[in-house]
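Residue-level structural notes
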Amino acid sequence: MYSRLNEIASEVGSPFYIVHPELFRENLRNFSKAFKELYPKFILSYSFKTNYTPFLLEIVKEEGLYAEVVSEIEYNLAELIGFRGEHIVLNGPIKDEPLLQHVANNGSIVNLDSSYEVANILKLKQQFPEKDFSVGLRINMELNTRNGASAIQGGLTESRFGFTEEVLQEIVPELKAANIKINAVHGHVSTTNHSVDNYKIIAERLVQICEKFQLNDVQYVDLGGSFFGAAPKEVDVSKRPTYHDYAQAVCDIFLNNAWFDQHKPYIVIEPGAAVVTNVFELATKVYQHKNVNGKHFVSVDASIYQVRPSGKTNYPYVEYSENEPQEQIVADVVGSTCMEVDKVAEQIKLTHYQKGDFLVFKASGAYRINLTPFFINPRCAMVSLTEDGYKVIRKRQDAKHLLDMLR
Ligand SMILES: Cc1ncc(COP(=O)(O)O)c(C=O)c1O
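Residues numbered from 1 in each chain as written. Predicted model: local features only at pLDDT ≥ 70, side-chain atom pairs only at ≥ 80, totals over all residues. Heavy atoms only, no water.

As for a nonpolar patch on the surface
This is how it is decided: Only residues whose relative accessible area exceeds 30% and that form no salt bridge enter a patch; like-charged residues are grouped when within 9 Å of one another, and nonpolar side chains (Val, Leu, Ile, Met, Phe, Trp, Tyr) when within 5 Å. The Shrake-Rupley method, run with a 1.4 Å probe sphere, supplies the accessible areas, and residue values consider only the shown protein chains as cover. Salt bridges are defined as contacts in which a side-chain nitrogen from Lys or Arg sits within 4 Å of a carboxyl oxygen from Asp or Glu. In this text, helices come from DSSP runs of H or I with a minimum length of four residues, and strands from runs of E with a minimum of two, each type numbered from the N-terminal end.
A grouping of F374, M405 and L406 is seen on the molecular surface, where their side chains present a nonpolar patch of about 300 Å² in accessible area. Here M405 shows up in helix α14 (residues 399–406).

Encoded structure:
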């Protein structure tokens with residue numbers, strides 16, 4: 001493997017991503033299967049923001065799945081990739097009138113988040129009274145765990161997203177009076193624990209809102225994303241939920257609910273990380289080992305953004321070298337930017353840290369690629385491995401490309 005990595009690096013540049021399309025397909029299929037075995041009216045809508053490498057988006061389309069987008073540019077990207085309007089779910093907090101009009105004409109599922117969007121839709125309906133408008137409503141969620149703490153990302157007790165019941169009291173009658181259909185309810189919450197219990201709370205809340213506000217046109221009950229899954233094999237997942245655990249818990253609630261039974265809507269999920277995390281690995285080359293007052297630093301050409309943007313956990317890695325192992329050291333692996341805090345990994349054990357050795361970091365598929373800034377180094381290449389070599393999925397960015405973007 002070392003000579004293969006070395007050859008790829010000399011042709012496409014280092015660092016580079018190794019993409020595993022077969023794992024992506026497997027994750028998408030397994031997640032869908034887990035739900036469809038219990039309830040056939042199911043839609044998997046892939047979260048673009050988590051990783052919108054076109055190569056992946058093509059796979060999502062080929063598999064007949066939906067696109068979940070949260071901005072105008074993501075919506076346009078879905079259209080360029082060839083997703084049909086009805087196969088796009090638009091979420092996100094910012095949706096101005098032209099976007100809403102365009103999306104309504106395309107028949108996409110649109111989940112409104114705030115009252116100004118309701119005002120925009122009411123205005124559009126006034127302008128085009130003959131046209132049928134349908135919207136979904138994102139419902140504000142509280143997620144309290146069994147020990148009373150909030151499961152919302154960062155331990156936040158209030159989510160900024162969606163409509164509270166108080167606001168629903170105002171807007172539901174307004175929308176109904178204007179003959180605008182409410183065709184979806186949406187309950188995405190980003191959590192830290194990704195626990196099954198969160199989805200029980202979300203599922204219960206969504207059907208409760210449908211019952212209470214008599215949302216009888218609802219065809220889509222959307223649980224959002226933030227599931228656990230697609231962990232690389234080095235991670236112990238024995239205590240973590242499986243796709244099946246989520247599907248079972250949610251279906252237990254829905255299939256025993258009278259409103260759900262009467263209306264039989266689609267269950268929608270919007271996974272990102274749970275289907276793409278293990279699909280990318282990052283190969284990075286070692287340049288230097290330094291010992292500074294007894295502390296070991298190993299410099300590589302990747303950066304913290306590509307491997308662990310949160311700067312918290314270390315990610316699984318494998319060392320590749322053509323040399324015999326050296327004496328084991330415990331080192332900080334430091335990146336290619338000029339920041340002291342550019343730590344790709346902290347205090348990890350290494351036996352290969354000579355110039356030219358490679359470290360391959362696992363679990364690089366979610367968020368890292370879209371969140372890596374144009375800072376000091378180019379966007380790196382992506383390759384997938386084939387039986388007899390490799391295929392370039394994305395080329396390394398050069399200065400001309402950067403200039404075009406900056407102008
Ligand atoms: C509305 C919505 N859906 C889906 C997702 C995907 O989340 P994840 O990548 O954690 O599955 C997000 C992420 O923040 C989101 O905001």
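Quick word on the packing of helix α6 (residues 115–127) against helix α7 (residues 165–177)
We apply this condition: Throughout, an axis means a line fitted to C-alpha atoms (over the contacting stretch in the case of helices), and angles, computed between N-to-C directions, take values from 0 to 180 degrees. For classification purposes, angles smaller than 35 degrees are called roughly parallel, those larger than 145 roughly antiparallel, those between 65 and 115 roughly perpendicular, and all remaining angles oblique. The contact definition used throughout considers only heavy atoms, calling two residues in contact when any of these lie within 4.5 Å. Each residue is assigned to one class: nonpolar for Ala, Val, Leu, Ile, Met, Phe, Trp, Tyr, Cys and Pro, charged for Asp, Glu, Lys and Arg, and polar for all the others, Gly among them.
One can describe the packing of α6 onto α7 by two numbers: an axis separation of 11 Å at closest approach and a directional angle of 10°. Our classification of the angle between α6 and α7 gives roughly parallel. Within the contact between the two elements, α6 uses S115, V118, I121 and L122 and α7 uses V167, I171, E174 and L175. Considered class by class, the residues forming the contact of α6 with α7 number six nonpolar, one polar and one charged.

What about the packing of α7 against helix α8 (residues 196–212)?
Put simply, the rule is: The handedness criterion is simple: a crossing whose near helix is rotated anticlockwise from the far helix by less than a right angle is left-handed, and one whose near helix is rotated clockwise is right-handed.
Running from N to C, α7 and α8 point in directions that differ by 40°, and their axes come no closer than 12 Å. Put simply, α7 runs oblique to α8. The handedness of the crossing between α7 and α8 comes out as right-handed. Along the contact surface, α7 presents E165, L168 and Q169, while α8 presents R205, I209 and K212. The residue makeup of the contact of α7 with α8, split by class, is two nonpolar, one polar and three charged.

Examining the nonpolar core
Our working rule: The criterion is simple. A nonpolar core is a set of buried Ala, Val, Leu, Ile, Met, Phe, Trp, Tyr and Cys residues joined through side-chain atoms within 4.5 Å. For the exposure calls, accessible area comes from a 1.4 Å probe over protein chains only, and a residue counts as buried if that area is under 20% of its type's maximum, exposed if over 50%, partly exposed in between. Domains are outlined according to an automatic or database domain assignment.
Counting residues in each nonpolar core, the largest one holds 103 residues, and the members touching the most others are F24, F31, Y46, L137 and F254. Both domains that furnish three or more residues to this core are identified here as domain 1 (2–18 + 278–406) and domain 2 (38–271). Excluding anything up to four places from it in sequence, F254 contacts A203, V207, V221, L223, F260 and I267. Y2, V12, A381 and V383 belong to the second-largest nonpolar core, a separate cluster that totals 12 residues.

Observations regarding the domain arrangement of the protein
For the record, the criterion: Defined in terms of a 1.4 Å probe, buried area is the accessible area two parts forfeit on being brought together, summed over both.
According to the domain assignment, the protein contains domain 1 (2–18 + 278–406) and domain 2 (38–271). Each side of the interface is counted separately: domain 1 has 14 residues, and domain 2 has 13 residues. Both faces considered, domain 1 and domain 2 share a buried interface measuring about 1,100 Å² in area, 61% of it formed by carbon and sulfur atoms. Seen at the junction of domain 1 and domain 2, the total is one salt bridge. The shortest N-O distance in the salt bridge between E234 and K362 comes to 3.5 Å.

Digging into the pairing of strand β13 (residues 329–334)
Test applied: The criterion for strand pairing is that DSSP finds at least two bridges linking the strands in question.
With five of its six residues buried, β13 lies for the most part within the structure. Where strand β11 (residues 295–300) meets β13, four bridges bridge the pair, whose relative direction is parallel. From the neighbouring strand, F297 faces β13, where its bridge partner is D332. Direction of pairing for β13 relative to strand β14 (residues 343–350): antiparallel, over a ladder of five bridges. If you follow V333 over to β14, its bridge partner there is A345.

Digging into the site of the ligand
This is how it is decided: To be near a molecule or strand, a residue needs just one of its heavy atoms within 4 Å of it. For this analysis, a polar contact is any N or O atom pair within 3.5 Å, provided that within protein one partner can donate a hydrogen and the other can accept it, and provided that sequence-adjacent residues contribute only side-chain to side-chain pairs.
Close to the ligand lie 15 residues, the nearest being S226, E270, G272, A273 and Y367. Within the side chain of T50, one N or O atom sits 3.1 Å away from an oxygen atom of the ligand. Here the ligand has 400 Å² of accessible area as a free molecule, and 88% of this is covered by the chains. Looking at the shell around the ligand residue by residue, the class counts come to three nonpolar, nine polar and three charged.

Digging into the sheet that holds strand β4 (residues 88–90)
Ordered in space as β2-β3-β4-β5-β6-β7-β8-β9, the eight strands form a closed barrel in which the pairing is parallel. Between one strand axis and the next, the sheet turns by 30° as a mean value, whatever way the strands run. Of the strand pairs in this sheet, strand β7 (residues 181–186) and strand β8 (residues 220–222) are connected by three bridges, and their pairing is parallel. Across the sheet, the residue bridging to A184 is Y220, located in β8. Sitting on the sheet, helix α4 (residues 72–81) is in contact with β3 (66–69) and β4, with an inclination near 160° to β3.

Considerations on α7
Worth spelling out the cut-off: Expected helix span is given by 1.5 Å per residue-to-residue step, counting one fewer step than there are residues.
With 13 residues, α7 should cover 18 Å at 1.5 Å per step; its first-to-last C-alpha distance of 18 Å lies within 8% of that length. Of the residues making up α7, those classed as buried are L168, I171, V172 and L175. Looking at the packing, one finds that the buried side of α7 touches α6, β6 (134–138), β7 and α8. Positive backbone phi, at 65°, marks N179, one or two positions downstream of α7.

Quick notes on the packing of aromatic side chains
Note on aromatic pairs: each is described by the distance of the centres and the angle between the planes. Selection criterion: Note on ring pairs: Phe, Tyr and Trp rings are taken, using the six-membered ring of Trp, and paired if centres are within 6.5 Å. Classes follow the plane angle, with under 30 degrees stacked, over 60 edge-to-face and the rest tilted. The rule for a charge over a ring is simple: NZ of Lys or CZ of Arg within 6 Å of the ring centre, and within 35 degrees of the ring normal.
Applying the stated criterion across every chain yields a total of 17 aromatic pairs. Ring plane angle 15° and centroid distance 4.0 Å describe the contact between F31 and Y243, whose orientation is recorded as stacked. Here F31 is found in helix α2 (residues 21–36), whereas its partner Y243 is found in helix α9 (residues 243–254), with 212 residues between them in sequence. For the pair formed by F31 and Y243, the shared burial category is buried. Taken together, a centroid distance of 4.6 Å and an interplanar angle of 5° make the contact between F254 and F260 stacked. Of the two residues examined, F254 and F260, each falls in the buried class. Among the aromatic residues, those joined into a ring-pair cluster are F31, F35, F42, Y199, F227, Y243 and Y246. A cation sits over an aromatic face here: K41 above Y266, 4.8 Å from the ring centre. Here the guanidinium or amino end of R368 rests over the ring plane of Y315, the centre of that ring lying 4.7 Å away.

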